[in-house]
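Residue-level structure breakdown
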Amino acid sequence: MAAPASSKTILIASLAVLAVLALALAPRLMHMGPGENPEAAAAAAIGGPFTLVDSSGDTVTDEDFLGRYTLIYFGYAFCPDVCPTSLSAMAAALDMLPPEQAEKVVPIFITVDPERDTPDVLGGYVEMFHPRMVGLTGSEAQVTEAAQAYRVYYAKVEQEDGPYLMDHSSIVYFMGPDGKLRAHFSHNTDPDRMAEVMAEHL
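From a predicted model like this one, the values you see are computed outputs, not experimental measurements.

Parameters and conventions
Residues numbered from 1 in each chain as written. Predicted model: local features only at pLDDT ≥ 70, side-chain atom pairs only at ≥ 80, totals over all residues. Heavy atoms only, no water. Helix = DSSP H or I, 4+ residues; strand = E, 2+ residues; numbered from the N terminus. Buried < 20%, exposed > 50% of the residue type's maximum accessible area, 1.4 Å probe, protein only. Areas by Shrake-Rupley, 256 points an atom, 1.4 Å probe, with all protein chains shown as cover. Pairing = 2+ DSSP bridges. Axes fitted to C-alpha atoms, helices over the stretch in contact; angles between N-to-C directions. Contact = heavy atoms within 4.5 Å. pLDDT = per-residue confidence, 0-100. Core = buried A, V, L, I, M, F, W, Y, C linked by side-chain atoms within 4.5 Å. Salt bridge = Lys/Arg side-chain N within 4 Å of Asp/Glu carboxyl O.

**Thoughts on the overall build of the chain**
The secondary structure content of the chain amounts to 7 helices and 9 strands. Sorting the 202 residues of the chain into buried and exposed places 46% on the buried side. Put simply, the chain shows about 9800 Å² of open surface, and 56% of that area lies on carbon and sulfur atoms.

Here it is, written out as structure tokens:
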């Protein structure tokens with residue numbers, strides 16, 4: 001089987017997402033009025049409505065998480081290295097927080113590979129990383145809508161001698177109880193740094 005997507009490929013994809021986000025924000029920032037906050041404009045560009053399915057097969061929407069902080073990552077269960085690294089970092093960061101703070105945060109893994117990541121597959125997968133991690137999947141259209149809301153890049157990569165892979169950006173989003181972006185973490189962000197930033201908001 002061909003070698004899995006390298007960290008360099010993931011970094012390029014993540015930088016591409018950030019570039020797209022910058023382009024999306026540019027018109028808004030250029031026409032901001034006096035006193036408007038550019039950080040608020042950036043936060044408003046990430047996140048939005050979605051309808052997905054959890055590991056029990058129940059329908060879940062973004063409104064189900066309002067009132068709680070969320071730590072969100074998009075990837076896929078068959079990912080050979082990048083996703084396990086990022087999810088492990090998320091779990092480690094949560095475990096570094098005092099229990100009363102950690103309980104305020106819901107870790108969420110949203111697949112970009114709904115063809116293979118059924119509710120049963122995701123349920124078993126996320127349990128390996130954190131007991132409270134929520135795995136979400138859905139139809140192709142539902143996953144596309146969620147990915148677009150978070151400016152996530154992903155694409156199927158066919159292999160000549162093995163199962164297909166998924167190229168995707170690797171960014172962890174820390175969302176507030178109001179569903180607005182509080183912070184984001186690039187691939188390979190240390191768990192202690194992630195925990196430090198979350199603690200500042202919690």
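This is not the end of the story, as more comes after the structure.
**Observations concerning the sheet that holds strand S8 (residues 171-175)**
Overall, mixed pairing links the 7 strands, which are arranged S2-S1-S5-S4-S3-S8-S9 in an open sheet. The strands lining the two open edges of the sheet, one partner per strand, are strand S2 (59-61) and strand S9 (181-186). Taken over all neighbouring pairs, the strand axes of this sheet differ in orientation by 30° on average, direction set aside. In this sheet, strand S5 (residues 134-137) lies alongside strand S1 (residues 51-54) in antiparallel orientation, the contact comprising 2 bridges. Each bridged residue has a counterpart across the sheet, and for Val 53 the counterpart in S5 is Thr 137. Most of the contacts of helix H6 (residues 140-149) go to S1, to which it runs at about 115°, and overall it touches S1, strand S3 (69-75), strand S4 (105-111) and S5. In the packing of helix H7 (residues 191-201) onto the sheet, contacts are made with S3, S8 and S9, and the angle to S9 comes to roughly 175°.

**Observations regarding the environment of Ser 56**
By the element assignment, Ser 56 lies in the loop between S1 and S2. A C-alpha to C-alpha distance of 6.4 Å links Ser 56 and Pro 119, two positions 63 residues apart in sequence.

**Quick word on the pairing of strand S7 (residues 162-168)**
Burial analysis of S7 places 5 of its 7 residues in the buried class, the great majority of the element. Between the end of strand S6 (residues 154-159) and the start of S7, which pair antiparallel, lie 2 residues.

**Concerning the side chain of Gln 101**
Here Gln 101 shows up in helix H4 (residues 99-102). Taking the relative accessible area as the measure of exposure, Gln 101 reaches 17% and is therefore buried. Setting aside residues up to four positions removed in sequence, Gln 101 forms contacts with Ala 199 and Leu 202.

**Thoughts on the confidence of the model for the chain**
If pLDDT is low for a region, its predicted coordinates should not be looked at in detail. Model confidence for the chain is summarised by a mean pLDDT of 84, while 78% of its residues fall at 70 or above. Confidence over residues 1-32 falls short of pLDDT 50; this stretch has 45 contacts with residues more than four positions distant or in other chains.

**Here's the deal with the nonpolar core**
Counting 56 residues, the largest nonpolar core has Leu 71, Phe 74, Tyr 150, Tyr 173, Phe 174 and Met 198 as its most contacted members. Excluding residues that lie within four positions of it along the chain, Met 198 makes contacts with Leu 71, Ala 93, Leu 94, Leu 97 and Phe 174.

**Considerations on the pattern of salt bridges**
Going through the model one piece at a time under the given rule, you end up with 4 salt bridges. A salt bridge links Lys 156 to Glu 115, with the shortest nitrogen-to-oxygen separation between them at 3.0 Å. Pair noted here: Lys 156 is in strand S6 and Glu 115 is in the loop between S4 and helix H5 (119-127), with a separation of 41 residues, a long-range link. For Lys 156, a relative accessible area of 41% translates into the label partly exposed. We note a salt bridge from Arg 182 to Asp 178, for which the minimum N-O separation is 3.1 Å. Accessibility expressed as a relative area gives 43% for Asp 178, which makes it partly exposed.

**With respect to unusual backbone geometry**
Phi at Arg 151 takes a positive value of approximately 55°, unusual for a residue other than glycine. Take Arg 151: it is sitting in the loop between H6 and S6. Among the residues examined, Arg 151 registers a relative accessible area of 28% and is labelled partly exposed. The phi dihedral of Asn 188 is positive, around 75°, even though this residue is not glycine. Residue position: Asn 188 is located in the loop between S9 and H7.

**Some details on the pairing of S3**
Within S3, 7 of the 7 residues are buried, leaving the element largely enclosed by the surrounding structure. Covered by surrounding structure in S3 are Tyr 69, Leu 71, Tyr 73 and Gly 75 together with Thr 70, Ile 72 and Phe 74, the residues of both alternating faces. As paired elements, S3 and S4 share 7 bridges and run parallel to each other. Paired with Tyr 69 across the bridge in S4 is Val 105. Pairing analysis gives 4 bridges linking S3 to S8, with the strands arranged antiparallel. Among the inter-strand pairings, Thr 70 is bridged to a residue of S8, identified as Met 175.

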